[in-house]
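Chain residues, written in single-letter form:
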Amino acid sequence: MLRQRIITAVIMLAVLVAALWSASPVPFIVLALVMMAAAAWEWARLNGVQGAGAPALGAAMVLACGLSWWAGWVNEPFRAWWLVVALWVVVGGLLISVGVDGWSRVPAFLRLALGPAALWVAWLAVVQARMVGVNFLLSVLALVAAADIAAYFAGRAFGGQLVARKLAPSISPNKSWEGVFGGMAGVLLLAALWIFFDRQIAPADWSRSLYSHLWQGGGLVWLVPSVMALAGLSVVGDLVESLVKRAAGAKDSSQLLPGHGGVLDRIDAQLPTLPFAMALVTVVAQRVA
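Being a predicted model, the structure only gives us computed values, none of them experimental.

Calculation rules
Residues numbered from 1 in each chain as written. Predicted model: local features only at pLDDT ≥ 70, side-chain atom pairs only at ≥ 80, totals over all residues. Heavy atoms only, no water. Helix = DSSP H or I, 4+ residues; strand = E, 2+ residues; numbered from the N terminus. Rg over C-alpha atoms; globule rule 2.2 N^0.38 Å. Buried < 20%, exposed > 50% of the residue type's maximum accessible area, 1.4 Å probe, protein only. Contact = heavy atoms within 4.5 Å. Areas by Shrake-Rupley, 256 points an atom, 1.4 Å probe, with all protein chains shown as cover. Lys, Arg positive; Asp, Glu negative; His and termini not counted. Charge placed at Lys NZ, Arg CZ, Asp CG, Glu CD. Core = buried A, V, L, I, M, F, W, Y, C linked by side-chain atoms within 4.5 Å. Axes fitted to C-alpha atoms, helices over the stretch in contact; angles between N-to-C directions. Left-handed = near helix turned anticlockwise from the far one by under 90°. Nonpolar A, V, L, I, M, F, W, Y, C, P; charged D, E, K, R; others polar. pLDDT = per-residue confidence, 0-100. Phe/Tyr/Trp six-rings, centres within 6.5 Å; stacked < 30°, edge-to-face > 60°. Expected span 1.5 Å × (residues − 1). Bend = angle between axes of the 7 residues up to and from the residue.

With that settled, the discussion passes to the overall build of the protein chain. The helix and strand tally for the protein chain stands at ten helices and zero strands. The linear arrangement of helices and strands in the protein chain, starting from the amino end, is α-α-α-α-α-α-α-α-α-α. Since a compact globule built from 289 residues should have a radius of gyration of about 19 Å, the 19 Å found for the protein chain is in line with a globular shape. For the protein chain, the C-alpha atoms occupy an extent of roughly 50 × 50 × 40 Å along the three principal directions. Counting all 289 residues of the protein chain, 49% fall into the buried class. The long-range share in the protein chain, meaning contacts at least 24 apart out of those at least 6 apart in sequence, stands at 76%. By element, 69% of the accessible surface of the protein chain is carried by carbon and sulfur atoms, the whole surface being about 14,200 Å². Distance between charge centres in the protein chain, computed from 18 positive and 12 negative side chains, equals 3 Å.

Below, the structure is given as structure tokens:
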């Protein structure tokens, strides 16, 4: 299993690096489109869609993203980022509060529609982030990884010592509030290191990272709460996907990525954070204009 995980990880990293550092953004846009289509297929299967229905939802995702690309939306400001963030906070919070049992009480058509909608918006966000620049995109993607790693170690070291109640015991019994706080601390450290990198190491023609954008928008007063909120929302994305999997009785969203589960397992926390990052950068652009 370990060898399988390593081989899959190396292949995924090689494909991502090749797409990211291509002279044209097209390879990355296509890669993101394929990933979202695969995730839509997984979402359909997790929600009980049988036969040709699941591939059809994946094809519909390809069509939706392709039409958005053809219409030029990847290069135009999207004015609904904050609405998307608000929906993630409200709907995600409600789903987590009602737990696994509450998911089955949501109308079937709405359960099926929520996933593709979140995936399409995340696709648009990740593509627009790539249009800003590779350094910017990597800084957004790395935030989730840093939050996840820091949360894991903080949870193991301090879980249950500060807050007795678990974060969401019916959805993910091992997650603790200490893990959430540790994740926030981890992304604050990442932000400080990346700002240093932008100022002292990065080539002059590179794009600025998310954290340098936030710093420019208002220093620590803007950077710290923004980064902590991003880390918090990444937990929401992770818990919502865990809720859906637990309701379906599935450990992984699929086995598309041997040793790593499915695409949704890899991008769940990115679904809310990517739109949130773009919303924050939009505000910063307005503040410094």
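So, next bit.
A word on the nonpolar core. Judged by nonpolar contacts, the single largest core of 83 residues is most densely connected at Leu-119, Trp-123, Leu-210 and Tyr-211. The greatest single-element share of this core, amounting to 15 residues, is contributed by helix α8 (residues 210-248). Not counting the four nearest positions on each side in its chain, Leu-119 is found in contact with Met-36, Ala-39, Ala-40, Met-61, Leu-264, Ile-267 and Leu-271.

The subject of this paragraph is the packing of helix α4 (residues 81-103) against helix α5 (residues 108-132). Contact geometry for α4 and α5: axes closest at 12 Å, N-to-C directions at 145°. Classified by chirality, the crossing of α5 by α4 is left-handed. Listed contacts from α5 to Trp-81, Val-84, Trp-88 and Trp-103 of α4 are Arg-111, Leu-114, Ala-118, Val-121, Leu-124, Ala-125 and Gln-128. Its residues assigned to classes, the contact of α4 with α5 shows nine nonpolar, one polar and one charged.

Let's shift gears to the packing of helix α7 (residues 177-200) against α8. Viewed as axis vectors pointing N to C, α7 and α8 meet at an angle of 145°, and their least axial separation amounts to 9 Å. As α7 runs across α8, the sense of the crossing is right-handed. Side by side, α7 and α8 meet where Val-180, Gly-183, Met-184, Val-187, Leu-188, Leu-190, Ala-191, Trp-194, Ile-195, Asp-198 and Arg-199 of the first sit next to Tyr-211, Ser-212, Trp-215, Leu-223, Val-224, Val-227, Met-228, Ala-231, Gly-232 and Val-235 of the second. In terms of residue class, the contact of α7 with α8 is built from 16 nonpolar, three polar and two charged.

This next bit is on the confidence of the model for the protein chain. Residues with a pLDDT of 70 or more make up 99% of the protein chain, whose mean pLDDT is 93. For the protein chain, per-element mean pLDDT is lowest for helix α1 (residues 2-20), which scores 86, and highest for helix α2 (residues 26-46), which scores 97.

One can find Ser-176 in the loop between α6 (134-158) and α7. When residues no more than four places from it in sequence are discounted, the contact partners of Ser-176 are Gly-155, Gly-159 and Leu-167.

Now for the packing of aromatic side chains. A full pass over the atoms with the stated rule returns nine aromatic pairs. Ring geometry for Tyr-152 and Phe-153: centres 5.2 Å apart, planes at 80°, overall edge-to-face. Joined through ring pairs, the aromatic side chains of Trp-73, Phe-78, Trp-81 and Trp-120 make up one cluster.

Think of an α-helix as 3.6 residues a turn; residues three or four steps apart then line up on the same face. Along its 39 residues, α8 runs just 36 Å from first to last C-alpha, ending more than 12% under the 57 Å computed at 1.5 Å per residue. The principal kink in α8, of about 135°, is found at Gly-219. Gly-249 occupies a position one or two residues after α8 and carries a positive phi of about 70°.

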